[in-house]
Amino acid sequence: MSLFVQVVVTGLAAGAVYGLVAVGTSLAYRLTGVVPFALGDLVGLAVLAALAVEGGAGPVTATNVPAWRTLAGLATGIAVAVVAGVLLYLVAVRPFLRQRSTIGWVGAMVAAAFAIHGLLAAAFVRRAYVFPDLLPFDRIGNGGAISLGGGAIVQVRAFFVIAAGLLLAWASSAVLGRSRRGRALQAVAMDLDAADVVGLPVDRLLALAFAGMGAVAALAAVVAAPGAPVNADTGALLGLKGLAAALIAGFGSPWRSFAAGLGIGVLEAAVATFHVGGFRLGPSWRDVAPLLVAVVVAVVAGRRRRGAAA
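Residues numbered from 1 in each chain as written. Predicted model: local features only at pLDDT ≥ 70, side-chain atom pairs only at ≥ 80, totals over all residues. Heavy atoms only, no water.

Novice: I'm lost on the environment of alanine 260 in this one. Help?
Specialist: With respect to the element layout, alanine 260 can be found in helix α10 (residues 254-273). Between the C-alpha atoms of alanine 260 and tyrosine 18, which are 242 residues apart in sequence, the distance is 8.5 Å. Beyond its immediate sequence surroundings of up to four residues, alanine 260 is in contact with Ala245, Ile248 and Ala249. (Helix = DSSP H or I, 4+ residues; strand = E, 2+ residues; numbered from the N terminus. Contact = heavy atoms within 4.5 Å.)

Novice: Please explain the packing of aromatic side chains as it appears in this structure.
Specialist: When we look at a pair of aromatic rings, we describe it by the centre distance and by the angle of the planes. Counting across every chain of the model gives 2 aromatic pairs. On the basis of an interplanar angle of 40° and a centroid distance of 4.8 Å, the ring pair of tyrosine 29 and phenylalanine 251 is categorised as tilted. Of this pair, tyrosine 29 sits in helix α1 (residues 2-32) while phenylalanine 251 sits in the loop between α9 (234-248) and α10, and the two are 222 residues apart along the sequence. On the accessibility criterion, phenylalanine 251 (16% relative accessible area) is buried. (Phe/Tyr/Trp six-rings, centres within 6.5 Å; stacked < 30°, edge-to-face > 60°. Buried < 20%, exposed > 50% of the residue type's maximum accessible area, 1.4 Å probe, protein only.)

Novice: I'm lost on the packing of helix α5 (residues 156-178) against helix α6 (residues 180-190) in this one. Help?
Specialist: The description of two packed helices rests on the angle between their axes and on the distance between the axes. Between α5 and α6, the shortest axis-to-axis distance is 5 Å and the interhelical angle comes to 70°. For the element pair α5 / α6, the angle class is roughly perpendicular. Facing Val175, Leu176, Gly177 and Arg178 of α5, the residues of α6 in contact are Arg180, Gly182, Arg183 and Gln186. Here the contact of α5 with α6 is composed, by residue class, of 2 nonpolar, 3 polar and 3 charged. (Axes fitted to C-alpha atoms, helices over the stretch in contact; angles between N-to-C directions. Parallel < 35°, antiparallel > 145°, perpendicular 65-115°, else oblique. Nonpolar A, V, L, I, M, F, W, Y, C, P; charged D, E, K, R; others polar.)

Novice: Where do I start with the nonpolar core in this structure?
Specialist: The biggest cluster of nonpolar side chains holds 79 residues, and the ones touching the most others in it are Leu42, Val47 and Leu88. Among the elements that make up this core, the one with the highest residue count is helix α8 (residues 202-224) (14 residues). The contacts of valine 47, once residues within four sequence positions are left out, are Phe131, Ala221, Ala225 and Val230. (Core = buried A, V, L, I, M, F, W, Y, C linked by side-chain atoms within 4.5 Å.)

Novice: Where do I start with the environment of alanine 211 in this structure?
Specialist: Inspection of the secondary structure assignment puts alanine 211 in helix α8. According to the relative accessible area criterion, alanine 211 is buried, its value standing at 15%. Ignoring sequence-local partners within four residues, the contact set of alanine 211 consists of Val82 and Val86.

Novice: Just to check I follow, could you spell out a positive patch on the surface for this structure?
Specialist: Together, Arg180, Arg181, Arg183 and Arg204 make up a region of like positive charge exposed at the surface. The element that contributes the greatest number of residues to the positive patch is α6, accounting for 3 residues. Among the structural elements, arginine 183 can be located in helix α6. The class for arginine 183 is partly exposed, based on a relative accessible area of 42%. (Patch = residues over 30% accessible without salt bridge, like charges linked within 9 Å, V, L, I, M, F, W, Y side chains within 5 Å. Areas by Shrake-Rupley, 256 points an atom, 1.4 Å probe, with all protein chains shown as cover. Salt bridge = Lys/Arg side-chain N within 4 Å of Asp/Glu carboxyl O. Lys, Arg positive; Asp, Glu negative; His and termini not counted. Charge placed at Lys NZ, Arg CZ, Asp CG, Glu CD.)

Novice: Mind showing me how you'd approach α9 here?
Specialist: Since one α-helical turn is 3.6 residues long, residues separated by three or four positions face the same way. Under the 1.5 Å per step criterion, the end-to-end length of α9 is 21 Å for 15 residues, consistent within 8% with the ideal 21 Å. Buried within α9 we find Gly235, Leu238, Gly239, Lys241, Gly242, Ala244, Ala245 and Ala246. Two residues or fewer after α9 comes glycine 250, characterised by a positive phi angle close to 70°. (Expected span 1.5 Å × (residues − 1).)

Structure, rendered in structure tokens:
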């Protein structure tokens, strides 16, 4: 029982990060009609830009960097992610969106993701970096870990990550359903020509949406980075799992997307830990299983749509 509790809580903590990225992915799609394939790489960009300010490409720890420099790094990471989000819209999306070329913005977005990843891999060559945590979770319990009874031990940070994900899901729902800009962006996503005709500031609204996408990436970076070593591949993998969660949720409401992220986190923790009789997939399958589920869901959903259309 203790192992089950530990797996569930650990899975929920990891899934909350995937949920953060899934919320950003679904939100960007619902507000712009564009799937943000580069969102995960924006997460990596925010993390490593912050590390560059804190200590360059060398090792960074919680003890060799003063708090003011860590704060400066966080501010830089957030600013870089927001600016990069706007640039993605202006360079990779806007020219093709105006031409109604879906394949154009898909190709440009994927190319931008590879370019960001290549830049990070070239600039940060170490196998892993440590991102200092400003929040003193290590002072709670036994070095940041607490016992839930029955031998289950979990990190206190896990509850913070889950809470941050819930807060983002709530805020995103509010933006979609209550704000004027959110409703205007949904109108743009549904019919770009009609939005132009009625005089909506389409370019400004879409640039704002992509700036918000960058802000979500920065939030995911701040929440997730201190929990484990990071490198140039970290953001890309988070983005892939967030996209899988958004796909499973059908790019639906923020709550559905966040719940799908939680489900992916629990699934990969279970795959890595549990076994049925002598059968066990093991840790090597933890990153593969959620993506296979997303592919199956996409295939089933596609067949249902084709069946409904027929």
